[in-house]
Structure formats: structure tokens, C-alpha cells
Amino acid sequence: MASNSTKSFLADAGYGEQELDANSALMELDKGLRSGKLGEQCEAVVRFPRLFQKYPFPILINSAFLKLADVFRVGMLGSLASIIPERKNAHHSIRQSLDSHDNVEVEAAVFAAANFSAQSKDFAVGICNKISEMIQGLATPVDLKLKLIPILQHMHHDAILASSARQLLQQLVTSYPSTKMVIVSLHTFTLLAASSLVDTPKQIQLLLQYLKNDPRKAVKRLAIQDLKLLANKTPHTWSRENIQALCECALQTPYDSLKLGMLSVLSTLSGTIAIKHYFSIASGNVGSSPRSSDLVQLAQECCYHNNRGIAAHGVRVLTNITVSCQEKDLLALEQDAVFGLESLLVLCSQDDSPGAQATLKIALNCMVKLAKGRPHLSQSVVETLLTQLHSAQDAARILMCHCLAAIAMQLPVLGDGMLGDLMELYKVIGRSATDKQQELLVSLATVIFVASQKALSAEVKAVIKQQLESVSNGWTVYRIARQASRMGNHDMARELYQSLLTQVASEHFYFWLNSLKEFSHAEQCLTGLQEENYSSALSCIAESLKFYHKGIASLTAASTPLNPLSFQCEFVKLRIDLLQAFSQLICTCNSLKTSPPPAIATTIAMTLGNDLQRCGRISNQMKQSMEEFRSLASRYGDLYQASFDADSATLRNVELQQQSCLLISHAIEALILDPESASFQEYGSTGAAHADSEYERRMMSVYNHVLEEVESLNRKYTPVSYMHTACLCNAIISLLKVPLSFQRYFFQKLQSTSIKLALSPSPRNPAEPIAVQNNQQLALKVEGVVQHGSKPGLFRKIQSVCLNVSSTLQSKSGQDYKIPIDNMTNEMEQRVEPHNDYFSTQFLLNFAILGTHNITVESSVKDANGIVWKTGPRTTIFVKSLEDPYSQQIRLQQQQAQQPLQQQQQRNAYSRF
């Protein structure tokens, strides 16, 4: 019997079918309590009551409670600091536990004090003196002091508190010269300065003093580590003297490890505003030339160091100086930077080790930065990369291809020059099907697409397809096709998608690939557009729409409940509607020829007082077209707001589509509908923004050209003339001739963020309403959890959640009463900040009108930049407002009192009859 009960408990608890006794079951739960995963710990805690029910033995229960008590110490209280930061009884418990004679309890109290100090200003102010007394007390063991000191880093809530903590730390550094005490005190000192932002310059000087004068290596390493932290967080607080002192230390030290750390700090500072401070001429002082400074001397010495890390940081410093000091003649430094990068490239491209690859990444980033900041050096940089590409290892080749693609994106003129070398390399690589070879095929194909700029030649396509057929797998082909779609090479993408259709096992994948093939075919149809040939443009758009409609049907079939493809569907629907709007506008422009204004159009215009009516029906059609393009721009704006997880390139692509709609609507208004009040000032800066891609660069060029044409025709001719309609049609053709770019978010979701809402009270059945009396208010509690994918906050993070609650009357019951209008509707909004991805708030809703009400709760989020995103979700519940019993009783009594009178009146009527 005991054996059966044990087996039953363990089966319920999830331990399988093993027959274990009570002690074994307790040991299994103890393993869960000691697990490093919070979920397993919580699961073990929840299973203890069932253990007590199955085995109500005093010995087992006492042992279990001891194990639970071991978990729920003051340490657990410290973990709750972010949830209950201002709970006074928790503050009091921590203060009491600090005076305990139990060492374990004291350690837990120290942990809790640190967490609460970080969250609560009141606790930090109250505990600061207590911590100071314990640190300075002679009875406090040194080990405990070392644990108490880091609490002082959280004393940054106000200037007075930070100043007192800093004085104590200064005293500790002086009074306790032991290595451990100095290291802990200095590091706490640095964290406090970085958080308070008051004494950062003093802290930099203190760290430099220890770096220069303290002979202990451990202290020097700690000083370098903290200087790196301050260089990343507050580079603007570094003075020229600070950088000079660090350079002198680096030049004098004989240890490569310390030199590497100091160069790392200088490398970080060289990419910030601190480098400008270093080379600027201070008032009353003569600034030194960059070529003669200690920083440059140090970087030049380190460029060819036998330690790869030191050489990489030296080259990075030279590159940043060359790029930052644009106003100075730095020909010698430019050559030093280029030669240093070349030597690093040759050294690291032959080595597959992780250290060499990390150094190579630094060198390649410097090459991209140098080519962008000093364009006249870009040709030599590209030639160096292409030369080394043939002899490098595959891992290095992949990184070098990424570098070439980045340079070609910034400087398209270099693309044609590198295409020949790339094609030669593409023919000889890929002799094996290893992962590195497959990755290299994708990287090289990407560079070729970027370098080609426009359509791929037949020779280039033949080489790529031949190589893919020989050694590539289906995933590699898909990735290359995806890159082709991103770069606007839709003819190549269509052929690759077509080749993959028969290689997938899932029908959802088949429909996904088929939709991509149709979209690529649709965009390929638009490559035949020619200016001034409007009938051909209409046929091209019609052909494109045919394939787009086929593609959207396949895309809908590819969606699943877990992967609804909402962004992709909406983006394609908007593209379809945009093409239809373009087609309709061209037809409207052609109607000026096919259906000219009637002879009485001038008379009608004078009668109506609208001069535009003399143009006939085209004026109304133009107005409808303008409204249609504004509506499309608004829908693109909604898609932008709903794409919280999209990367910046995808969002910029959506923004460009929106600007295209606004451009055409503005052109219609400026040329035809209202030429007198048209303004071009707000559109004149479109070319000023820096373009990050070839697609954006070409779209910007089209925008500027169209605006110039519209401005030149504005007020020059009386609307509507053939010049106006030709300008509009040519603008449409120019926009469509730029191949559409399908950006990363269309294919790949790197960041995933969703919100799950829970409403209370909530009905058991979603279709069943919640009953509420009409003289009472409903307290609606909204709880939510923010759910993330594998890379939370990759592009943007949620700062606050906006909850909007609204109610509408679905059906009315009972008599109509005169009720104030304020009581008829509910429209409320609240903003809450998530705590550990959880948030909750409450709304008081009034339902004075009897009947069924529909309550809608919709959430949106606000990121760290203050931008609002309409992420959803949207949740709906139903409420039935009932008459309160007292009012119902009075109404029934009134009805009963009126019944005898009505019956008497009825009898009198019968008697008269």
C-alpha cells in the first residue's frame, strides 16, 4: 500500500514511475531547490505541500521545513527589492539582521541591503550611517567589511549622500592599504562616481595616480579596468592632462598586459569627443600638433607590435585620429594607418584562431571608418582587401566580404572596380560543402549584388547559379535569394526561389517560397518602364498587379496561428494598393486627352465660383487621387507604428514608401488643385539626410528631381495642362523604376516582443457578459506581462505601457432615462512602467445605462526615445448593466399602484360603449 502511494505521488509530481520512499522523494525536491534555474526552484517549492499530504511524518516535515527555511532567508527578501522597494517593515528587518550573531543571516542581510539601496532612496539614506559604523568598527571582521563596502556604490540618490560615501571611501583607501581592501574600495569609488556624475574627474585623477605610483599589478589592472568603464560612460569628462598621463604610463610600462589595457582605454577615448579635447588649443596654451603628440607616438610604436591586440588598438587610435581631425593635414598619419591596417590584415587573415578573428574585426571596422571619413584612401583599402581575399582563410574571407559590402554601400563608385575580382574568386571557391564555404558563398554573393548596383548581367547570373548547383544546399540558396531581394535584384531572386519550391517538405514553406517568387516576378515586370511611354507603364503595372495578387494568396496560405505574417501581408497589400493608385492616376492624366472639358465647363466654373471646374471631370478625379495617396501614407504610418520589433533599415524602407505617397499627393496639390498656396520649404531638405543604402540613395535622388520639376512648373502654366499631367506620370515612372527593396524584417525577426493581458473580473465563457448593477462602478484590473524572444531589447526597449480602455453600448434594455452624458461612455488611458516585465493597473468604469456594453482594452508601448508604438494586443469583454434592486422595487410598486387606475379607466370605457 505504501508502495502504491509513493508511486502515485511521484507520478503526480512528475518523477516518473520509479518506486521511491519518502526520503528519496525529499532528496529529489532538494535537488530542485538547489538548482540554478529559478523555474525549477519554484516548481520544487510548489510540490512540497503534496509531499506533506502523502507523507505526514514529523521527521520528514521538520527536514523539509529546514530546507525551505534555507531558501527563504533574508536573501529572498533582497531579491524582492525591485517589487517592494519602499516597504518599511522590510527595511526594518534588514537593519535588525545586520546586527545578528548568525553569519549566514548577516551575509543575507548585506545582500538585501545592497539591493534595497539601489532601489530606494529612503533606505539608502537610513542605512548609510549604519554601514559606515560597521565598516569603521574594530569588531567587524575584514571579510565582512569587504562585503559591506560595495553597498556604498548605491549611495548616489542625492549629492549629500554621495559626498559622505565618497569621504568614507577616501578614508578607507588611505587607512587600509592591503591589496584586497584597495581594490574593493577603488572599484566601489568608481561605480559611485559613474552613477552620481559629480566627482568623475576626481576619480579619473585618483585612478591615474594609482596606475602610475602603485607597484602592485593587481591594483594597476583594477585601475585600468575602471578607467575603461569611465571612458565608455563619461568620455566628455576626460581632460587633455588625463589622456597625456595615460599615454606616459603606457609608454613607460614594460609589461605588455598593462600596455594592452591602457591602449584599450585610449582606443575607446579616441572614438569620442575626448580626442577633440586632446588636440584642441586651450585658451592661453599652445596646442601641440597631432603628429608630435605622445598619443600619436604611442600609436605608431604599437602598430607593428608582436602582440596582435596591442597592434589592433594602436591602428584603431591612428584611424580615429585621422578621421576625427579633418581640418588638419595628416598625410603621414594616414599612411601609417593604412600600412598598419594592411599588416594586421595579412597577419590575421591567415589565422583561424578566435583571437585573430577578433583582431581582424577591429581592423576591418577601422577600414570601413577610414574609407568613409577619408574617401581618397578608399581605393587603396579596397585593393588591399581584394588582393588578400584570394589567400585568406575562409573565416577571414567572410569578414572581409562584409567589409567590402559596407564600403561599397557607402561609396557605390567603387563597386564596378571590385566586380571582376569578386567573380574570379566566386568561380574558384566552394569546392566543399562545409559550413564556412556555404557562409562564404552567401557573403560573396552579397558583395556582388552590392557592387552590381543595378541589374545583374547574364554572365554574373550564370556564374552564381552554376556554383550554387554544384556545392550549395537549399538553405544557402535561400539566403542568397533573400539578399537578392534586399538589393533589388528581383530577376535573380525569382529564379532562385523557383529552384527551391520542390525542396521543402512543409506546405507552409512551399506557399512562402511561392509568394516570394511571385513578388519578385511582380517587381521584375516594373523594370521595363520607360519615361513618356504611359500606355506601356499601364500594362507593366497591370502585369505586376497580376503576380502580386497571386503572391498575396500564397502568402495568406503560408501564415499560421503561431506565425501570422502580419507585417508581410500588410506590406504587400499596401504595395498592391499603391500600384493601383499609380495606375489610376495615370489613367486620370490620360483622361485629359480622351475626355477633354465640355464647352460649357467655363460657364459651370463661373456659376459655382470654382475656377478649377473649367477643367471638367479631371479636377474631381485629381482630388480623389490626392486623398487616396494621403490615405496610403497614413496606412504606411500605421504599419510603421505597429513594427516595434523591426530593424532600422526596414523602418526606413516603410518611411520611404510613405514619403513616396506624400510626394505624389503634394505634386497633385501643387500642380493642379491649389498652386497658389503650395509650399516647397518643408520638402526641400529631403536630400540633406545621409542615405545608408543604395535604395535610399536612389529614392532620395528621385524625390529631389520630382520636387524640382514640380517647383519649376508651379504657377508657370494654368492648370490643368498636358505639362502638368506629364510631370505627374513621369514622377510615377521614376519612383517605380527604382527596384523595391524587401528588407530584413520581411524575412527575419531578430527581436520579438509581445504583451499578454489578463483582465479581472473575467467571465468563464468569453461570450458571456459580466453582471454589474447600474448604480455601481466596475473596478477593472488589467495585468500584463511583456514577453521577449532570444534577443530582448536588440533594437529598442519598452519604457512604459499605455493602456486605453473604452466602452460602447451594444444593446439597450429597459426604459430610456435622462442620464448625464458623462455617464454614458467610458474612455480612459493610463501609462504604467513594467517591473521585471510585469505591470498592473485599475480602471473604474460606470455603466448607468441598462444593457450590454462592450469593453475594449488596447495596449501600446513607449520606448526610451519617447516614440509610441501600437503593438497591441486588443482585448474585449462584455458587461451587462442590470437595474439595482431598490430602483427595481420602487418601479414595480409604481406599476402596481397604476394598475387599478388603468383597470377602472378600462371598465368606464366599456360601460360607455
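Here, residues in each chain are numbered from 1, in the same order as that chain's written sequence. The predicted origin of the model limits local features to residues at a pLDDT of at least 70 and limits the giving and counting of side-chain atom pairs to 80 or more, whereas totals for whole chains, interfaces and linings rest on all residues. Excluding hydrogens and water, the side-chain values take into account all heavy atoms of the structure.

Cut-off, in case you're wondering: UniProt positions are given in the numbering used here, feature names are shortened, and annotations may be inferred rather than shown by experiment.
Under an unreviewed UniProt entry, the name given to the protein chain is Integrator complex subunit 7, and the organism recorded is Panthera tigris altaica. You can read under Sequence similarities (unreviewed entry) in the UniProt record for the protein chain the words "Belongs to the Integrator subunit 7 family." Listed under Subunit (unreviewed entry) in UniProt, the entry text for the protein chain is "Component of the Integrator complex, composed of core subunits INTS1, INTS2, INTS3, INTS4, INTS5, INTS6, INTS7, INTS8, INTS9/RC74, INTS10, INTS11/CPSF3L, INTS12, INTS13, INTS14 and INTS15. The core complex associates with protein phosphatase 2A subunits PPP2CA and PPP2R1A, to form the Integrator-PP2A (INTAC) complex. Interacts with NABP2."

## What to know about the overall build of the protein chain
Spelled out, the test is: Only DSSP runs of H or I covering at least 4 residues are called helices, and only runs of E covering at least 2 are called strands; the numbering of each starts at the N terminus. Each residue is placed in one exposure class: buried if its accessible area under a 1.4 Å probe, protein chains only, is under 20% of its type's maximum, exposed if it is over 50%, and partly exposed if it falls in between. Here, residues are in contact when the closest pair of their heavy atoms is within 4.5 Å. For every accessible area listed, the method is Shrake-Rupley and the probe measures 1.4 Å; residues are considered covered only by the protein chains on display.
When helices and strands are counted, the protein chain shows 37 helices and 9 strands. Residue burial in the protein chain is summarised as follows: out of 913 residues, 48% are buried. Partitioning the intrachain contacts of the protein chain with sequence separation of at least 6 by distance along the chain shows that 72% fall at a separation of at least 24. Of the roughly 44,700 Å² that the protein chain leaves accessible, carbon and sulfur atoms contribute 52%.

## Description of the environment of A113
Inspection of the secondary structure puts A113 in helix α7 (residues 103–119). By relative accessible area, which is 0% here, A113 ends up buried. For the pair A113 and L148, spaced 35 residues apart in sequence, the C-alpha separation works out to 9.1 Å. Not counting residues up to four positions away in its chain, the partners in contact with A113 are I94, F123 and I151.

## Details of the pairing of strand β4 (residues 798–812)
Both faces of the sheet carry side chains from a regular strand, because those side chains alternate between them. Which entries qualify depends on this criterion: At least two bridges found by DSSP between two strands are what make those strands a pair.
Taken together, the 13 bridges between β4 and strand β7 (residues 851–863) define a ladder with antiparallel strand orientation. Each residue of the ladder has a partner; that of I798, found in β7, is D863.

## Concerning the sheet that holds strand β3 (residues 777–788)
Remark on secondary structure: sheet strands pair via backbone hydrogen bonds, oriented parallel or antiparallel. Spelled out, the test is: Orientation is described by lines fitted to C-alpha atoms, with helices fitted over the stretch in contact, and by angles between N-to-C directions that extend from 0 to 180 degrees.
Ordered in space as β1-β3-β6, the 3 strands form an open sheet in which the pairing is antiparallel. Each edge of the open sheet is held by one strand with a lone partner, namely β1 (753–760) and β6 (838–846). Taken over all neighbouring pairs, the strand axes of this sheet differ in orientation by 25° on average, direction set aside. Of the pairings in the sheet, the one linking β1 to β3 comprises 8 bridges and is antiparallel in character. If you follow A758 over to β3, its bridge partner there is E783.

## Concerning the side chain of N653
Within the fold, N653 resides in helix α33 (residues 648–673). Assessed through its relative accessible area of 4%, N653 is described here as buried. In this structure, N653 is in contact with F571, Y695, S741 and Q743, ignoring residues within four places of it in sequence.

## Quick look at helix α28 (residues 507–525)
Cut-off, in case you're wondering: Under the convention used throughout, the expected extent of a helix is 1.5 Å for every residue step, that is, one less than its residue count. Under this definition, polar contacts are N or O atom pairs within 3.5 Å; protein pairs additionally need one hydrogen-donor-capable and one acceptor-capable atom, and for neighbouring residues in sequence, both atoms have to be side-chain atoms.
If you check α28, its first and last C-alpha atoms are 27 Å apart, about what 19 residues at 1.5 Å a residue would give, namely 27 Å. By the burial criterion, the buried members of α28 are W512, L513, N514, S515, L516, K517, E518, F519, S520, A522, E523 and C525. Close packing links the buried residues of α28 with α26 (474–487), α27 (490–500), α29 (534–558), α30 (566–594) and α36 (744–747). Measuring from the backbone nitrogen of H508 back to the side-chain oxygen at the start of α28 gives 3.2 Å, which picks out S506 as the cap.

## Focus on the packing of helix α22 (residues 394–410) against helix α24 (residues 435–452)
Rule in force here: When describing relative orientation, an angle under 35 degrees is termed roughly parallel and one over 145 degrees roughly antiparallel, while 65 to 115 degrees is termed roughly perpendicular and anything else oblique. Helix crossings are classified by the rotation of the near helix relative to the far one: an anticlockwise turn of less than a right angle makes the crossing left-handed, while a clockwise turn makes it right-handed. In this classification, the charged set is Asp, Glu, Lys and Arg, the nonpolar set is Ala, Val, Leu, Ile, Met, Phe, Trp, Tyr, Cys and Pro, and all remaining amino acids, among them Gly, are polar.
Relative orientation of the contacting elements α22 and α24 amounts to 15°, with a least axis distance of 9 Å. The orientation of α22 relative to α24 falls into the category roughly parallel. As α22 runs across α24, the sense of the crossing is left-handed. Residues D394, A395, R397, I398, C401, H402, L404, A405, A408 and M409 of α22 touch α24, and the partners they reach there are K436, Q437, E439, L440, S443, L444, V447 and V450. When grouped by side-chain class, the residues that make up the contact of α22 with α24 number 11 nonpolar, 3 polar and 4 charged.

## Topic: the pattern of salt bridges
Rules: Here, a salt bridge means any side-chain nitrogen of Lys or Arg that lies within 4 Å of a carboxyl oxygen of Asp or Glu.
One pass over the structure, following the stated rule, counts 27 salt bridges. Linking E334 and R374 is a salt bridge whose minimum nitrogen-to-oxygen distance equals 3.0 Å. Placement of the pair is E334 in helix α19 (residues 331–348) and R374 in the loop between α20 (354–373) and α21 (378–389), with a sequence separation of 40 residues. Just as E334 is buried, R374 falls in that class too.

## Notes on helix α10 (residues 159–175)
Convention followed: It is the directions from the helix axis to the C-beta atoms whose arc is reported.
Compared with the 24 Å implied by 1.5 Å per residue over 17 residues, the 24 Å span of α10 between its first and last C-alpha is a close match. What α10 keeps buried is the set L161, A162, A165, R166, L168, L169, L172 and V173. Take α10 and look down its axis: the buried residues cluster within an arc of 165°, on one side only. Exposed positions of α10 whose direction lies more than 90 degrees from the buried face are A159, I160, Q167 and T174. Among the structural elements, α8 (121–136), α11 (179–196) and α12 (200–213) are those in contact with the buried residues of α10.

## What about the confidence of the model for the protein chain?
To keep things clear, this is the line we draw: The quantity known as pLDDT measures the predictor's confidence residue by residue, on a range of 0 to 100.
For the protein chain, per-residue confidence averages 85 on the pLDDT scale, and 88% of positions sit at 70 or higher. The spread of mean pLDDT over the elements of the protein chain runs between helix α1 (residues 2–13), the lowest at 38, and α28, the highest at 96. The low-confidence segment residues 1–19, where pLDDT is below 50, has 26 contacts with residues more than four positions distant or belonging to other chains. Confidence drops under pLDDT 50 across residues 282–287; counting only partners more than four residues distant or on other chains, this segment forms 4 contacts.

## Thoughts on unusual backbone geometry
Between S760 and P761 the backbone carries a cis peptide bond, its omega angle lying at 5°. Between G872 and P873 the backbone carries a cis peptide bond, its omega angle lying at 5°. Positive phi, close to 70°, is recorded for E532, a residue that is not glycine. By secondary structure assignment, the location of E532 is in the loop between α28 and α29. Classification of E532 by relative accessible area gives exposed; the value is 53%.

## Regarding the packing of α11 against α12
Direction vectors running N to C along α11 and α12 enclose 155°, while the axes themselves pass 9 Å from each other. Between α11 and α12, the crossing angle belongs to the class labelled roughly antiparallel. By crossing handedness, the relation of α11 to α12 is classed as left-handed. From α11, V182, L186, F189, T190 and A193 reach across to α12, where they touch T200, Q203, L206, L207 and Y210. For the contact of α11 with α12, the per-class residue count stands at 7 nonpolar, 3 polar and no charged.

## Considerations on the side chain of Q388
Along the chain, Q388 falls in helix α21. When residues no more than four places from it in sequence are discounted, the contact partners of Q388 are L345, V346, S349, Q350 and M400.

## Description of the packing of aromatic side chains
Rules: Classification of ring pairs uses Phe, Tyr and Trp, with its six-membered ring standing for Trp, and accepts pairs whose centres are within 6.5 Å; under 30 degrees between planes counts as stacked, over 60 as edge-to-face, and the remaining range as tilted.
Within the structure shown, the criterion is met by 18 aromatic pairs. Ring centres of F116 and F123 lie 5.8 Å apart, and the angle between their planes is 55°; on these two criteria the pair is classed as tilted. Here F116 and F123 have matching classes, each one buried. Consider the rings of Y510 and F511, whose centres lie 5.6 Å apart with planes at 70°: the pair is edge-to-face. Through pairs of rings, three or more aromatic residues link up here, namely W512, F519, Y548, F567, F571, F742, Y745, F746 and F747.

## Observations regarding a negative patch on the surface
Stated formally: Patches were defined on residues exceeding 30% relative accessible area and lacking a salt bridge, with like-charge contacts within 9 Å and nonpolar side-chain contacts (Val, Leu, Ile, Met, Phe, Trp, Tyr) within 5 Å. Under the counting rule used here, the positive set is Lys and Arg, the negative set is Asp and Glu, and His together with the chain ends is not counted. Each charge is placed at NZ for Lys, CZ for Arg, CG for Asp and CD for Glu.
On the surface, a cluster of negative charge is contributed by E531, E532, E708, E709 and E711. Tracing the backbone through its elements, the reader meets E708 in helix α34 (residues 694–713). Of the residues examined, E708 reaches a relative accessible area of 54% and is grouped as exposed.

## Details of the pairing of β3
As defined by bridge partners, β3 adjoins β6 across 9 bridges and the pair is classed as antiparallel. Note on β6: the bridge partner recorded for E783 is S840.

## Concerning the state of the cysteines
Here is the rule: Put simply, a disulfide is two cysteine sulfurs that come within 2.5 Å.
Summed over the entire model, instances satisfying the criterion amount to 0 disulfides. Here C247 stays free of any disulfide, with the sulfur of C249 as its closest cysteine sulfur at 9.4 Å. With no disulfide of its own, C525 has C540 as its nearest cysteine by sulfur position, at a separation of 7.4 Å. Overall, C525 belongs to the buried group, its relative accessible area being 16%.

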